[in-house]
Amino acid sequence: MVHRHKLWIDGKWMETTNSRDLHEIRSPFNNEPVAKVDYATPEQMERAMVASVAAFIKYRKVSRHARSKLLEAMRDGIARRQHELAKVIAAEAGKPITLAEGEVMRALTTFTVAAEEAKRFGGEVIPIDIDATGRPYSPAIAYWVPRGPILGITPFNFPLNLVAHKVAPALAAGCSILIKPAPQAPGGAAMLAQIFEEAAAQASDARDTIPLATFQVVSCGNDVASAPVTDPRMNSLTFTGSGRVGWHLQSLAVGKRVALELGGNAGVIIHSDANLERAALRCAAGGFGYAGQSCISVQRIFVHKEVARKFEELLLAETAKVVAGDPMKKEVTVGPLIDAAAADRVMAWIDEAKRAGARVLAGGTRSGNVIAPTVVAGVKRAAKLSTEEAFGPVVILETYDNFSDAIEALNESRYGLQAGIFTDSTRLIREAVENLEVGGVMINEVPTYRADQMPYGGVKESGLGREGLRYAMEEYSERKTVVQWHG
């Protein structure tokens, strides 16, 4: 079935007014047509921005009760359509159907937590009378107030839940939001807009009416997308995607609050006292799931030399169990890369490493856009496979003598999103937490782990700000401090 993803602008479903702006989406696995998507014209984008401002003026005054009801209704709408959503994700993004189903379940959690946070996100009380001069004043109250209309730009790899991670906290905080979804996989955002339309009617009553332009989905080309990036009416920009694009957008978004969730080449340290069986199992899952197309996918594995041979054997055994191929088959966890260019790039990086002396221990082969789960050893530190974000089903093995050397090697990256360590030593855990230059440290777990309610984000070139429901709400809000004199 070929879906049609229309524009959701100003509470109406629209088609492009330019026939050349109806784009076809093909499966990254078999190249069959799976959807057609309307791209907005400049005039349609202008209408969307005007509507977003008007909706914000009304929605910011909507009660927390109604916001929470809206988010709960959206959660219920996702639950009713969970299988349809998973199939659209698998078809457009090539995500294995079991992982697509898992993404939908995570979106349910995202909206559940947002509905709860909408009711308790208020502010804090600060004592003023800590010295004699403050005695005539009541405690200060620092309220969180919504900043304004938000522009969200989302990637292909989590085409529902990463949209949810921008939409749900925006709605919880009292902001309107305009989403420009990934061109490769806009279906998740389009279906979420359908769910919003129904939920807004359910959550509205005589006291609170949800403006339908509070959430809009506008697919478009980069030329049209540049307008809301630079337009001062869009108060904030939240972007998930590549570092090259993200930092460029920041340079254009002058005067805006900008949150960036960018790339990584996540590292894992396997120490000599680790549970090697668990470490191998989790590294295979974290490195190869969804063909490694996650910014926290396992890429660099540092293993203590005393257990390096044993861990290698275990990892290769786990790698051999991983099934690659048709994303619609339940047993598959490694589907295609998003397009031929991505597969070409990953294979070129593997070949570059081999020419410099690296050894391919497993995989390294390709069928169409599907790359077999690949383990490489002896990769030079300067190779792209080590320094760049692979965004493919490839992990590299490196040994170390001292734990501090492993930390130094892991930090030898311009990225710093998340890291994992496997050890039972409290001393080494403390050393890692204190010294790893990352936004999150996963202990006896791979960096690919993420709970949707926790603060999530990186340092260095991995981005700015934090996602995770409450933490994203803070990004979308301002503090307003009120002090009263009682003379």
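In this text the structure is predicted, and so the values were computed from the model without any measurement. (Residues numbered from 1 in each chain as written. Predicted model: local features only at pLDDT ≥ 70, side-chain atom pairs only at ≥ 80, totals over all residues. Heavy atoms only, no water.)

### Some thoughts on helix 6 (residues 187-203)
Between its first and last C-alpha, helix 6 extends 24 Å over 17 residues, near the 24 Å set by a 1.5 Å rise per residue. In terms of burial, helix 6 is largely enclosed, as 12 of its 17 residues are buried. (Helix = DSSP H or I, 4+ residues; strand = E, 2+ residues; numbered from the N terminus. Expected span 1.5 Å × (residues − 1). Buried < 20%, exposed > 50% of the residue type's maximum accessible area, 1.4 Å probe, protein only.)

### Re the environment of Lys-380
Within the secondary structure layout, Lys-380 lies in the loop between strand 18 (374-377) and helix 12 (384-387). Separated by 18 residues in the primary sequence, Lys-380 and Glu-398 have C-alpha atoms spaced 9.6 Å apart. Residues contacting Lys-380, with those up to four places away along its chain left out, are Ala-356 and Ser-386. (Contact = heavy atoms within 4.5 Å.)

### Thoughts on helix 8 (residues 243-252)
The periodicity of an α-helix, 3.6 residues per turn, causes residues three or four positions apart to be oriented the same way. Looking only at helix 8, the buried set comprises Gly-243, Gly-246 and Leu-249. Buried residues of helix 8 fall within an arc of 130° about the axis and therefore sit on the same side. Those residues of helix 8 hidden inside the fold are in contact with strand 8 (150-153), helix 7 (222-230), strand 11 (236-240) and strand 12 (257-261). (Arc of directions from axis to C-beta.)

### Focus: the side chain of Glu-117
Position of Glu-117 among the secondary structure elements: in helix 4 (residues 97-120). For Glu-117, a relative accessible area of 10% corresponds to the buried category. Here Glu-117 is in contact with Leu-469, Arg-470 and Met-473, once residues within four sequence places are set aside.

### Let's talk about the side chain of Arg-81
Examined against the element boundaries, Arg-81 turns out to sit in the loop between helix 2 (64-80) and helix 3 (82-93). If we ignore the near neighbours within four places in the chain, the residues touching Arg-81 are Met-191, Gln-194 and Ile-195.

### Side note on the pattern of salt bridges
Applying the stated criterion to the full structure yields 33 salt bridges. A salt bridge links Arg-75 to Asp-76; its shortest N-O distance comes to 3.1 Å. A relative accessible area of 35% places Asp-76 in the partly exposed class. When the shortest N-O distance is used, the salt bridge between Arg-414 and Glu-388 registers 2.8 Å. Linking Arg-414 in the loop between helix 13 (403-411) and strand 20 (415-416) with Glu-388 in the loop between helix 12 and strand 19 (394-400), this pair joins segments that are 26 residues apart in sequence. On the basis of relative accessibility, which here comes to 33%, the residue Arg-414 falls in the partly exposed class. (Salt bridge = Lys/Arg side-chain N within 4 Å of Asp/Glu carboxyl O.)

### Re unusual backbone geometry
Not every positive phi belongs to a glycine, and Ala-291 is a case in point at roughly 55°. In this fold, Ala-291 is placed in the loop between helix 9 (276-288) and strand 14 (300-304). Notably, Phe-391 is not glycine yet its phi reads approximately 50°, a positive angle. You can call Phe-391 buried: its relative accessible area is 18%.

### A word on the packing of aromatic side chains
For the structure on display, the rule yields four aromatic pairs. Ring plane angle 15° and centroid distance 5.4 Å describe the contact between Phe-121 and Trp-144, whose orientation is recorded as stacked. Of this pair, Phe-121 sits in the loop between helix 4 and strand 6 (123-126) while Trp-144 sits in strand 7 (residues 140-146), placing them 23 residues apart in sequence. Between the NZ or CZ atom of Lys-95 and the centre of the ring of Tyr-290, over which it lies, the distance is 4.7 Å. A cation over an aromatic ring shows up here: Arg-345 above the ring of Trp-349, its NZ or CZ 4.7 Å from the ring centre. (Phe/Tyr/Trp six-rings, centres within 6.5 Å; stacked < 30°, edge-to-face > 60°. Lys NZ or Arg CZ within 6 Å of the ring centre and 35° of its normal.)

### Re the sheet that holds strand 5 (residues 33-38)
What the three strands build is an open sheet, ordered 1-5-4; its pairing is mixed. In the strand order of this sheet, the two ends are held by strand 1 (3-5) and strand 4 (22-26), each with one partner. On average, each strand axis in the sheet is tilted by 25° relative to the strand beside it, whichever way the strands run. Taken together, the five bridges between strand 4 and strand 5 define a ladder with antiparallel strand orientation. Its bridge partner lying in strand 5, Leu-22 is registered against Asp-38. (Pairing = 2+ DSSP bridges. Axes fitted to C-alpha atoms, helices over the stretch in contact; angles between N-to-C directions.)

### Observations concerning the sheet that holds strand 7
If you walk across this open sheet you meet the three strands as 6-7-25, and the pairing is antiparallel. Looking at strand neighbours, the two that pair on one side only are strand 6 and strand 25 (477-482), the edges of this open sheet. On average, each strand axis in the sheet is inclined to that of its neighbour by 20°, with strand direction left out of account. With six bridges connecting them, strand 7 and strand 25 associate as antiparallel partners. Paired with Ala-142 across the two strands is Thr-481, which belongs to strand 25.

### Thoughts on the pairing of strand 21 (residues 418-422)
Here strand 21 lies mainly inside the structure; five of its five residues are buried. Neither face of strand 21 is exposed, since Gln-418, Gly-420 and Phe-422 on one face and Ala-419 and Ile-421 on the opposite face are all buried. Across four bridges, the pairing between strand 13 (residues 267-270) and strand 21 is parallel. Paired with Gly-267 across the two strands is Ala-419, which belongs to strand 21. Taken together, strand 21, helix 14 (residues 426-435) and strand 22 (residues 440-443) form a β-α-β motif whose crossover is right-handed. (Right-handed = clockwise from strand over helix to strand, strands pointing away.)

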